[in-house]
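# Fold and contact review
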Amino acid sequence: MRTFIAIELEEEVKDHLAEVQAETQKLCRRGNFTPKDNFHLTLHFLGEIEEDDIEYLQDAMYETARRNRPFTLTLDKIGFFPRGNKGIMWAGLERSTHLQRLFSTLEKSLEQQGFARERKGLSPHITLGREVEPHRNFIDVQKNVKVESMKISVRSISLMESVRKGPKLVYVPLFRMDLKGK
């Protein structure tokens, strides 16, 4: 099973991101745009795991949740990871010490359970589309699409499975742990 640990988003946030995504699509020739239901913030990509690993992941998530309390993030911009004239388009977040602490705690807990650390560290973003090709350029999209500074409540972390249903990829929560730290 292909998995990752993520922060799931509230419906109101997904609705706003879908509106932002629709505005960006008007300025693009093409792209593989993320379905609204798949919007999330990845904390740690695990990739292929065995079903036996889930218990260890739950232990790591429990330890992480025990040490972190709920907090708020703020959406603030559109960004791109360019790949030639195409790229990954994403919604970015204001810097957050709470998010960095959650990530660091999760990495330590996963490592204690025998999982590798995230190679690239944390680059917090919500993917809006892949293989996106703007009509003009990425800067034009950034200038013309504004992201409302919307608050995102972070109250839990989720172990998600990526499942293919026909041509669609669906992200299914396998396990959710509420943050309850001190």
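Residues numbered from 1 in each chain as written. Predicted model: local features only at pLDDT ≥ 70, side-chain atom pairs only at ≥ 80, totals over all residues. Heavy atoms only, no water.

### A look at the overall build of the chain
What counts, and what does not: Secondary structure elements follow DSSP: runs of H or I of four or more residues count as helices, runs of E of two or more count as strands, with numbering from the N terminus. Throughout, a contact is declared for two residues whenever any of their heavy atoms are within 4.5 Å.
Looking only at helices and strands, the chain features four helices and nine strands. Put simply, the chain runs from its N terminus to its C terminus through helices and strands in the order β-α-β-β-α-β-β-α-β-α-β-β-β. Its C-alpha atoms put the chain at 45 × 35 × 30 Å along the principal axes. Nonlocal contacts in the chain, meaning residues at least 24 apart in sequence, comprise 78% of its contacts between residues at least 6 apart.

### Quick look at the packing of aromatic side chains
To be explicit about the condition: The rule is short: rings of Phe, Tyr and Trp, with Trp giving its six-membered ring, pair when the centres are within 6.5 Å, and they are stacked under 30 degrees, edge-to-face over 60, tilted in between. Only protein chains enter the accessibility calculation, which uses a 1.4 Å probe. A residue is then buried if its area is under 20% of the maximum for its type, exposed if over 50%, and partly exposed in between.
Evaluated as defined, the whole model comprises three aromatic pairs. Arranged with centres 5.1 Å apart and planes meeting at 85°, the rings of F4 and Y171 form a pair that is edge-to-face. Pair noted here: F4 is in strand β1 (residues 2–8) and Y171 is in strand β9 (residues 168–178), with a separation of 167 residues, a long-range link. Owing to a relative accessible area of 4%, F4 belongs among the buried residues under this scheme. For the ring pair F81 and W90, a centre distance of 5.3 Å and an interplane angle of 40° mean the geometry is tilted.

### Some remarks on the pattern of salt bridges
To be explicit about the condition: Criterion for a salt bridge: a side-chain nitrogen of Lys or Arg within 4 Å of a carboxyl oxygen of Asp or Glu.
On inspection of all chains with the given rule, the structure shows twelve salt bridges. In this structure, K36 and D15 form a salt bridge, with 2.5 Å as the shortest nitrogen-oxygen distance. In this pair, K36 is assigned in the loop between β2 (28–33) and β3 (40–48) and D15 in helix α1 (residues 11–26), connecting sequence segments 21 residues apart. A salt bridge links E63 to R67, with the nearest nitrogen and oxygen atoms 3.0 Å apart. Taken as a pair, E63 and R67 lie in helix α2 (residues 53–67) at a separation of four residues, close to a single helical turn.

### Thoughts on the pairing of β9
The condition is simple: The pairing criterion is simple: DSSP has to find at least two bridges between the two strands.
As paired strands, strand β8 (residues 156–165) and β9 are joined by ten bridges and run antiparallel to one another. When the bridges of β9 are listed, L159 appears paired with F175. Counting the residues in the hairpin turn of β8 and β9 gives two residues, including G166, whose phi is positive at 65°.

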